[in-house]
Amino acid sequence: MAKLKLQRIELVAPLSQRKKIIEYLQRRGVVELTDRADEGLQKMDTAGSVAQFENARGIALAAQSVLHDYVPAKKGMFASFAGKHVWKTDDFGLQVKKIDDYLRVCRDINARRAAITQAKAGVVRATMQIDQLQAWQAFDLPLDFEGTASTTAFIGTVPGLYKSDLLAEQLGAPAEVEVLYAAAEQSNVFVLCHKANEAEVYAALRERGFAALSGGNLSPAEQSAQYTGAIAAYTAEIEQSEAAIRGYADFMQNIEFLLDYFDMRAQKYEALQSLAMTQNVFIAEGYIPEKYAAQITAELEQKYTIAIEITEPDAEDDVPVLLQNNAFVAPVESVTAMYALPAKDDIDPNPVMAFFYYFFFGLMLSDAGYGLLLVLGCGFALWKLNLTRRMRNNMKMFLYCGISTIFWGAMFGSWFGDIIPVIFTQFLHRPAPQLAIWMDPVANTMKLLLVCFGLGIVHLFAGVGANFYKLWKAGQKFDALCESIPVYLTILGVAPIAAGILTTVPAYLSNYGKYFALAGVVLIVLTAGRANKGIIKKLSGGLGLNGLYGIIAGYLGDIISYSRLLALGLCTGIIAGVVNMLGALPSNPALKAVLLAVVFVLGHALNMAINVLGAYVHTNRLQFVEMFGKFYSGGGRAYEPFKMKTKYITFKEDLLND
């Protein structure tokens, strides 16, 4: 399996059935709808309906936010892997009938939140009023007191620090002055004078920056008591509303249902805009996997009055890409998608890449203890958790990477670094066992480096072989031979000669290598410029960037890149060894055991996290840069079927689950 074959599908049906047919296609989730462009046909404007669904979804989303604030969900450490709630279509239909009731609850939750917000604002305002009245508590008249029949009263503030007698002297007319509160910034004053002196006293106060106080018909003490009562009422309202919101603690799943429901409705009406219509019928077009075409056609024809035509795409059609591989290969599809999906003429690189991906990841991490943790963690998640298809594939990928890591760790004798030898020598006082099945990488660095280069050559040859297959399948058989055979001969010939610089190579390999290299070089010079016209241009092309020079320089750089396999593999083991050494530093056995336990957990957790990330990044790089460059161009468009794109729910009847 690799790229699934997609076919064009065209549906013509009565206009009255368009919504039901679109709902069916959305539920099945296997047809990618395309916009039918035809000037002679009409389009349906669904923007208003989509806006209504978005508005309703906004109400539900606001209610969800309120519940998250007041009724935090109790989540375990694996809650994020819980997956979607699975619904049967019949149960979903029953829930749809309760939509209006659910929306009423959401509006009530939002109204309660608004009431809480207003009440809290009221508490703030009342508290500020009480604070402002504190300086007037000695005044026992109403704050709006203006005097008697023969007197005028002034109540307010003047900037600066005043005493009663000093202010009275400065007024220039007889008046009773009482400074109720005095501070460096301002003084609160009460001034009472005869009406005959009102203008003179007021003018003197204004000269000193007097500002009249606006107050009610109650005294400051009475107003403070009133505001205190208001705070109590606001607080009670807040508590009542919060209790009501907490009473909806079990409503969260219904809100999630609403969010997905209105999402699906909006998606449906957006899809309706892609349809072309006349007064009586509508036309829908798109792509469907060949494996589902017969089933979908039969079901549609059985349920609706409809005409369906399945055809092969034209050469100029923008056909999307849908990959389907076995359980071993499918987990790395997401890695390829990060780079680019296959173009129309590309082969699926995942079957070629999968083994090397797991193999190189394990070699870079190269600690059996870390691999065991990966296997156990991913295995538990796959066994116990309700994961989406995409998340399951990610878990499978790291499960296979963990198995590879166990293999390489066992080959190198690394189980959480050298913790087993440390236990034997430091605690059991016995000679350390020999754990490496193959070799100690630190003691045999040069040998492992050559192995890494050899693995790199195999990896590159797989890419060249994939290119051979791609060209041969396309009918370019001569090009397939010219792009692969010379490269194989040249690299196989140069490899033993280059290896002889670093280690001893049997003479017969070097001798055969010379002949292989010579044959490969000749073939490259003769064939690399074959597209050029004229002997001179063909030969210069065979020697240039696309010929001998480019191939030798390019492959040399590519092969050297595989030294990262050695570097990251050594890094994991060396850091793990340092962690164990630090934990075993104390001479006291009890203290050594305690310290080693603490350092072991923290140090190895950090080392594993860093090196898993490093292995992931550099394994990706070896695929993207070194291998894909030999045969893969990418640039394909992902197959995006019209389906129920939901966050919280899914359906048992779906043919393709996300």
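That block above? That's the structure.
The text that follows walks through the structure, step by step, so that each part is easy to find. (Residues numbered from 1 in each chain as written. Predicted model: local features only at pLDDT ≥ 70, side-chain atom pairs only at ≥ 80, totals over all residues. Heavy atoms only, no water.)

**Quick look at the environment of A432**
Take A432: it is sitting in the loop between α14 (419-426) and α15 (445-473). Distance from A432 to Y24, taken between C-alpha atoms, is 67 Å for residues 408 residues apart in sequence. Once residues within four sequence positions are removed from consideration, A432 is found in contact with P421, F424 and T425. (Helix = DSSP H or I, 4+ residues; strand = E, 2+ residues; numbered from the N terminus. Contact = heavy atoms within 4.5 Å.)

**Focus: the pairing of strand β5 (residues 176-182)**
Sheet topology places β5 next to strand β6 (residues 186-194); six bridges connect them, and they run antiparallel. In the strand pairing of β6, V177 is matched with V191. Between β5 and β6, which pair antiparallel in sequence order, lie three residues. (Pairing = 2+ DSSP bridges.)

**What to know about the packing of aromatic side chains**
Centre distance and the angle of the planes are the two values used to describe a pair of aromatic rings. Scanning the entire structure with this criterion turns up 39 aromatic pairs. Pairing F356 with F360 gives two aromatic rings, centres 5.9 Å apart and planes at 45°, and the pair type is tilted. A residue pair is termed a helical-turn pair when its members lie 3 or 4 positions apart in one helix, as F356 and F360 do in helix α11 (residues 350-365) at four residues. Neither residue differs from the other here; F356 and F360 are each classed as buried. Site record: aromatic cluster; members linked through ring pairs are F355, F356, F359, F360, F407, W408, F412, W438 and Y562. A cation over a ring is seen here: R8 above Y287, with NZ or CZ 5.0 Å from the ring centre. Positioned over the ring face of W383 is K384, at 4.5 Å from the centre of the ring. (Phe/Tyr/Trp six-rings, centres within 6.5 Å; stacked < 30°, edge-to-face > 60°. Buried < 20%, exposed > 50% of the residue type's maximum accessible area, 1.4 Å probe, protein only. Lys NZ or Arg CZ within 6 Å of the ring centre and 35° of its normal.)

**Some remarks on unusual backbone geometry**
What is expected of a backbone is that most residues other than glycine have negative phi and most peptide bonds are trans. Residue S366 is not a glycine yet carries a positive backbone phi of 50°. Counting through the fold element by element, S366 comes out in the loop between α11 and α12 (368-384).

**Quick word on the pattern of salt bridges**
For the coordinates displayed, the defined rule picks out 18 salt bridges. Residues K268 and E23 are paired through a salt bridge, measuring 2.6 Å at the closest nitrogen-oxygen approach. Note that K268 is positioned in helix α8 (residues 252-272) and E23 in helix α1 (residues 18-28), a separation of 245 residues in sequence. Here K630 ties to D558 by a salt bridge, and the two come within 2.6 Å at their closest N and O atoms. Of this pair, K630 sits in the loop between α21 (589-627) and β11 (649-651) while D558 is found in helix α19 (residues 548-561), placing the two residues 72 residues apart along the sequence. For D558, a relative accessible area of 12% corresponds to the buried category. (Salt bridge = Lys/Arg side-chain N within 4 Å of Asp/Glu carboxyl O.)

**Digging into α12**
In this model, α12 (17 residues) spans 24 Å end to end at C-alpha, consistent with the 24 Å of a helix rising 1.5 Å per residue. Among the residues making up α12, those that are buried are A368, G369, Y370, G371, L374, V375, C378, A381 and L382. Next to the buried residues of α12 lie α11, α13 (389-412), α20 (563-583) and α21. Two or three places before G369, at the opening of α12, D367 has a side-chain oxygen 2.9 Å from that residue's backbone nitrogen. (Expected span 1.5 Å × (residues − 1). Polar contact = N/O pair within 3.5 Å; in protein donor to acceptor, adjacent residues only side chain to side chain.)

**Details of the side chain of Q623**
By secondary structure assignment, the location of Q623 is in helix α21. Given a relative accessible area of 0%, Q623 falls into the buried group. At a separation of 3.0 Å, a polar atom in the side chain of Q623 contacts the side chain of H459. Apart from the residues within four sequence positions on either side, Q623 is in contact with M353, F356, Y357, F360, H459 and F628.

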